[in-house]
Amino acid sequence: MNKFSMILLLAGALGVSACNNPDRFGAGGAGAGGAGGAGGINTASLGDPNDPNSPAYFNQTIGDTVRFSVDQSILTMESQNVLAGQAQWMNQHPQYNAVIEGHADEQGTREYNIALGARRANAVQEFLIAQGVSPARLRTVSYGKERPLAICSDETCYAQNRRAVTVITVGGGV
Amino acid sequence: MSRILRNLCLALAVLAPVAMPAMAQNGPLRIVIEEGVIEPLPFAAPAFIAENPSAAEFADQITRVVAADLAGTGLFREIPQSAHIARVTNFDAPVSYADWKAINAQALVTGSVALGSDGRLNVKFRLFDVFSGQPMGDGLQFGGGSDNWRRIAHKVADQVYSRITGESGYFDSRVVFVSESGPKDQRLKRLAIMDYDGASVQYLTDSSAIVLAPRFSPDGSRVLYTSYETGFPRIKMLDIASVTSRPLADLSGNMTFAPRFSPDGGTVIYSVEQGGNTDIYALALGSNQPVRLTNAPSIETAPSFSPDGSRIVFESDRSGTQQLYVMPVGGGEPTRISFGEGRYGTPVWSPRGDLIAFTKQNAGRFHIGVMRADGSEERLLTASFLDEGPTWAPNGRVIMFTRESAGAGGSAQLYSVDISGRNLRAVPTEGAASDPAWSPLLP
């Protein structure tokens, strides 16, 4: 019973070649540079924070960030005040658009946190629209737990990471 | 920088049996996996015989990989070669069972390796039940290019595992995952693929955009994943052989994520975000017409098909917290299946159909667990600061997942655990790694 019948087991299906093209998307996109700008979006140059017409003023003086409670996307009164200031600035500066980034803390699964970040970004977007900002000037993106602002693993950091950030972009490009 | 693909061909043949001493003395050698093995089965794997001098290195390495595969399951324990009494010098010589019995080896794996002048390896092996004093199954012979020596070794180990456990093996398989580097607030992520044991890593994307949660097609030739390349999370499909990827479909304006193939590979189910709300859709490949499967103001995500393709398990927070639900493949009223304390996410149906693996969050800890498809018999297999994202070995007996450590210096690593909760192990990777997805058993 000398059976050496050959059976073909495999034909080249899973040979893999490596791909390396580090310059394809410039300086990292998707907030990789820490500036918070989404890849493919022209983040506006910030300008002088003392100039009320500058995005830097928007970011620092009005405040580009609002925070959320655990697993929530409800805007607190404090957040609504910040967002009212954001809306007013945007209404006065129609040359700018914005991408609203939603974020979650690390205490959650990856997919759920993307969906949760989307809820938060959308809550901000709807508030700004209600304050008169044109929907055409706003986009949302969720980073889930991929881009924490603070990196410790306790509530002091988690509270900073549960946020939505309004990133001012150059108008007409979104 | 693409590389020329090698066509590889592993061939298998059955060997003539060794002259067989007669009677069995005990019951057949068998491990029943479901019971959870407490005392691993001792086996001996004397160095495979090199049939020619150029095969010596391969013979040694292949023996090591076979032994490592078996011992790595936690079901087997290798008796070191230094303890062996018998010396195997000829693959076809009769087995001196008494010598193996004396060191309490219950299973014996012998092999030989020849390297042809054409660069092809020919690897033979036999498995013996020492206490019964007879071979377990026919001897087998594998042929393949010498650069595939690891795969040949995994195939030998799969045969041994399969004969002793009665289950199909999982060693000749690959894992696609996210390779991580950089600080926690600016993590760089790129897709990579490796053998199930961490060997032979190759990168599939660069790290210029965040990539998440790759998933194999049922034939192992393609990978779905989520990329932030456009600035927004969008599903892409990558062909592994050519290392080229394209967007799954043109669904402009929405975030799409959490994709998974249907068992026949013809459909993709995934999450779509619109106006802050996330629901589950299905898209037949080749069409641009997504079909909406859920329609609720809550978050519906992380869908996974049952292996027969008839049902979909997913997570939803419609009850107020993340829980697991099962619905018919075309959508329709879902049935909640998770009822324990805490939150449940990332459900994945076992390839055997019997169990659903999930991530559970409770009292500040994360767990990987399994439950039956109706939600009964929940068992937690792990516990840590952050365990998530289970993926099944092709035989449905082992789960791999991401474990992330706490703090500013925290990083992710891949771990595996068997379905009895035993044999928790770190999967060796060069750097930090997350989001593993296990391939089917390779052909």
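Residues numbered from 1 in each chain as written. Chains lettered and ligands numbered in written order. Predicted model: local features only at pLDDT ≥ 70, side-chain atom pairs only at ≥ 80, totals over all residues.

If you check an unreviewed UniProt entry, chain B appears there as Tol-Pal system protein TolB from Albidovulum marisflavi. In UniProt, chain B has this text filed under Function (unreviewed entry): "Part of the Tol-Pal system, which plays a role in outer membrane invagination during cell division and is important for maintaining outer membrane integrity." Within the UniProt record for chain B, the comment given under Sequence similarities (unreviewed entry) is "Belongs to the TolB family." (UniProt positions renumbered as here; feature names shortened; annotations may be inferred.)

An unreviewed UniProt entry lists chain A under the name Peptidoglycan-associated lipoprotein, from Albidovulum marisflavi. Looking at the Subunit (unreviewed entry) heading of the UniProt record, one finds this comment for chain A: "The Tol-Pal system is composed of five core proteins: the inner membrane proteins TolA, TolQ and TolR, the periplasmic protein TolB and the outer membrane protein Pal. They form a network linking the inner and outer membranes and the peptidoglycan layer." Check the Function (unreviewed entry) section of the UniProt entry for chain A; it says "Part of the Tol-Pal system, which plays a role in outer membrane invagination during cell division and is important for maintaining outer membrane integrity."

**Some remarks on the overall build of chain B**
Within chain B, the secondary structure is distributed over three helices and 32 strands. Its C-alpha atoms give chain B a radius of gyration of 24 Å, within 12% of the compact-globule value 22 Å for 443 residues. In terms of overall dimensions, chain B has a C-alpha envelope of 75 × 50 × 45 Å along the principal axes. With 443 residues in all, chain B has 51% of them scored as buried. Taking contacts inside chain B between residues at least 6 apart in sequence as the whole, the part at least 24 apart equals 49%. (Helix = DSSP H or I, 4+ residues; strand = E, 2+ residues; numbered from the N terminus. Rg over C-alpha atoms; globule rule 2.2 N^0.38 Å. Buried ≥ 20, exposed ≤ 12 C-beta atoms within 10 Å, placed from the backbone. Contact = placed C-beta atoms within 7 Å.)

**A word on the sheet that holds strand β11 (residues 202-203) of chain B**
Paired through backbone hydrogen bonds, the strands of a sheet run either parallel or antiparallel to each other. Residues and elements named next belong to chain B. Ordered by their spatial adjacency, four strands build an open sheet running β11-β10-β9-β32, and the pairing between neighbours is antiparallel. Only two strands of the sheet have a single partner each, and these edge strands are β11 and β32 (432-438). Pairing geometry for strand β10 (residues 188-195) and β11, over two bridges, is antiparallel. By the bridge assignment, I193 is partnered in β11 with Q202. (Pairing = 2+ DSSP bridges.)

**Focus on the confidence of the model for chain B**
Residue and element names in this part refer to chain B. Taken as a whole, chain B shows an average pLDDT of 92; of its residues, 93% reach a score of 70 or greater. Under a pLDDT of 50 for its full length, residues 1-9 has, in the predicted model, 26 contacts with residues more than four places off or in other chains. Across residues 19-25, where pLDDT falls below 50, the model places ten contacts with residues more than four positions away in sequence or in other chains. Scoring the predicted complex yields pTM 0.90 and, for the interface, ipTM 0.92. (pLDDT = per-residue confidence, 0-100.)

**Considering the confidence of the model for chain A**
The predicted model of chain A has a mean per-residue pLDDT of 80, with 74% of residues at 70 or higher. Taken as a whole, residues 1-40 of chain A scores under 50 in pLDDT and shows 107 contacts with residues more than four places along the chain or in a different chain.

**What to know about the domain arrangement of chain B**
All names here are of chain B. By the assigned domains, chain B splits into domain 1 (11-165) and domain 2 (174-438). Here the C-alpha centre of domain 2 lies 36 Å away from the C-alpha centre of domain 1. Every contact between the two is made by six residues of domain 1 and, on the other side, nine residues of domain 2. Taken together, the residues that form the side of domain 1 that touches domain 2 break down as one nonpolar, four polar and one charged. (Domains from an automatic or database assignment. Nonpolar A, V, L, I, M, F, W, Y, C, P; charged D, E, K, R; others polar.)

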